[in-house]
Amino acid sequence: MQATDLPTFLRWLLTSVPGLAPSIVLHGHARLPEGLASAVARHLNEYDEDAGGNWMAFTPGLLGQIAESETQRSLLGLVDPFHFDEEPESDDHMRETLVALADRGRSVLDGPAAMDACSGKAEVFRVWLGFPIDSMDPIHLVLQPDHFSRHSLPAIIGDTFLEWAEARLAKMAG
């Protein structure tokens, strides 16, 4: 599912439990197929039995609305630490918003800003599309999208994520 407006975002926010599940970030050298994040969220809503249909991808326009709205940011637990007449950079708000969405869990985020914002976060499953890179952060899955049908990518990513999440839980329990 893809949140395209504030009411959809707010419904997701009200039904999600912060920190209960990891999130996914998609990025890479290859151009991401249009709608891939949304398709991954739809796949996980169908096959992630513990999610209750609460996986969500976000359009760039909605992310911008959330990042620039003090009200929406406060709902994510983001309080502006800026004082006096200092205006924070728009990029700072976007970065904080992406981190807050990832921390909330069951978010499918995409693009370089999301990959950068979520750097170092253990609760984020990272997918790289295209040629592998040397990275300080672990890349959990590297795919060459040209080698797969556009329709199979969401299932490959979603199913691999579910296997990773299951292994993480088993490791934490045992």
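None of the values given here were measured: they were computed from a predicted structure. (Residues numbered from 1 in each chain as written. Predicted model: local features only at pLDDT ≥ 70, side-chain atom pairs only at ≥ 80, totals over all residues. Heavy atoms only, no water.)

### Some words on the overall build of the chain
Piece 1. Looking only at helices and strands, the chain has seven helices and six strands in total.
Piece 2. Going from the N terminus to the C terminus, the chain shows its helices and strands as β-α-β-α-β-α-α-α-β-α-β-β-α.
Piece 3. Each principal axis of the C-alpha distribution contributes one length, and for the chain these read about 50 × 35 × 30 Å.
Piece 4. Per-residue burial over the chain gives 45% buried out of 174 residues.
Piece 5. Sequence-distant contacts in the chain: of pairs separated by 6 or more residues, those separated by 24 or more amount to 67%.
Piece 6. Each charge class in the chain can be summarised by its mean position, and for the 12 positive and 26 negative side chains these summaries are 5 Å apart. (Helix = DSSP H or I, 4+ residues; strand = E, 2+ residues; numbered from the N terminus. Buried < 20%, exposed > 50% of the residue type's maximum accessible area, 1.4 Å probe, protein only. Contact = heavy atoms within 4.5 Å. Lys, Arg positive; Asp, Glu negative; His and termini not counted. Charge placed at Lys NZ, Arg CZ, Asp CG, Glu CD.)

### Quick word on helix 7 (residues 153-173)
Piece 1. Helix length check: helix 7, at 21 residues, gives a terminal C-alpha distance of 30 Å against a target of 30 Å (1.5 Å per residue), a fit within 8%.
Piece 2. The complete set of buried residues in helix 7 reads Leu153, Pro154, Ile157, Gly158, Phe161, Trp164, Ala165 and Arg168. Each buried residue of helix 7 lies within a common arc of 125° when the element is viewed along its axis, so the set occupies one face. Across from the buried face of helix 7, at angles greater than 90 degrees, the exposed residues are Glu163, Glu166, Ala170 and Ala173.
Piece 3. If you follow the buried residues of helix 7, they end up packed against strand 2 (23-28), helix 2 (36-47), strand 5 (124-129) and strand 6 (141-143). (Expected span 1.5 Å × (residues − 1). Arc of directions from axis to C-beta.)

### A few points about the pairing of strand 4 (residues 107-110)
Piece 1. Alignment of strand 2 against strand 4, held across three bridges, turns out to be parallel. Considered in strand 4, the bridge of Val25 is made with Leu109.
Piece 2. Of the pairings in the sheet, the one linking strand 3 (residues 56-58) to strand 4 comprises two bridges and is parallel in character. Across the sheet, Ala57 pairs through a bridge with Val108, a residue of strand 4. (Pairing = 2+ DSSP bridges.)

### Some words on the pattern of salt bridges
Piece 1. Applying the stated rule across the entire model yields four salt bridges.
Piece 2. A salt bridge links Arg73 to Glu96; its shortest N-O distance comes to 2.7 Å. Taken as a pair, Arg73 in helix 4 (residues 70-75) and Glu96 in helix 5 (residues 90-104) lie far apart in primary sequence, 23 residues in all.
Piece 3. According to the relative accessible area criterion, Arg73 is buried, its value standing at 1%.
Piece 4. Between Glu123 and Arg168 there is a salt bridge, with its nearest N and O atoms 2.7 Å apart. With Glu123 in the loop between helix 6 (112-117) and strand 5 and Arg168 in helix 7, this pair connects stretches of sequence that are 45 residues apart.
Piece 5. For Glu123, a relative accessible area of 37% gives the class partly exposed.
Piece 6. Look at Arg168 and you get buried, because its relative accessible area is 17%. (Salt bridge = Lys/Arg side-chain N within 4 Å of Asp/Glu carboxyl O.)

### Concerning the confidence of the model for the chain
Piece 1. With 92% of its residues at a pLDDT of at least 70, the chain reaches an overall mean of 87.
Piece 2. Averaged over each element, pLDDT in the chain is lowest for strand 1 (residues 2-3) (88) and highest for strand 4 (96). (pLDDT = per-residue confidence, 0-100.)

### Remarks on the side chain of Arg106
Piece 1. Looking at the secondary structure, you find Arg106 in the loop between helix 5 and strand 4.
Piece 2. Buried and without a salt bridge, Arg106 has Asp48 as its closest oppositely charged side chain, separated by 4.2 Å.

### Remarks on the sheet that holds strand 1
Piece 1. Taking strand neighbours across the sheet as the criterion, the six strands line up as 1-3-4-2-5-6 in an open arrangement whose pairing is parallel. Looking at strand neighbours, the two that pair on one side only are strand 1 and strand 6, the edges of this open sheet.
Piece 2. Relative to strand 6, strand 5 runs parallel, the two sharing three bridges. What sits directly across from Leu129, in strand 6, is Leu143.
Piece 3. Contacting strand 2, strand 5 and strand 6, helix 7 runs over the sheet at an angle of about 145° to strand 5. (Axes fitted to C-alpha atoms, helices over the stretch in contact; angles between N-to-C directions.)

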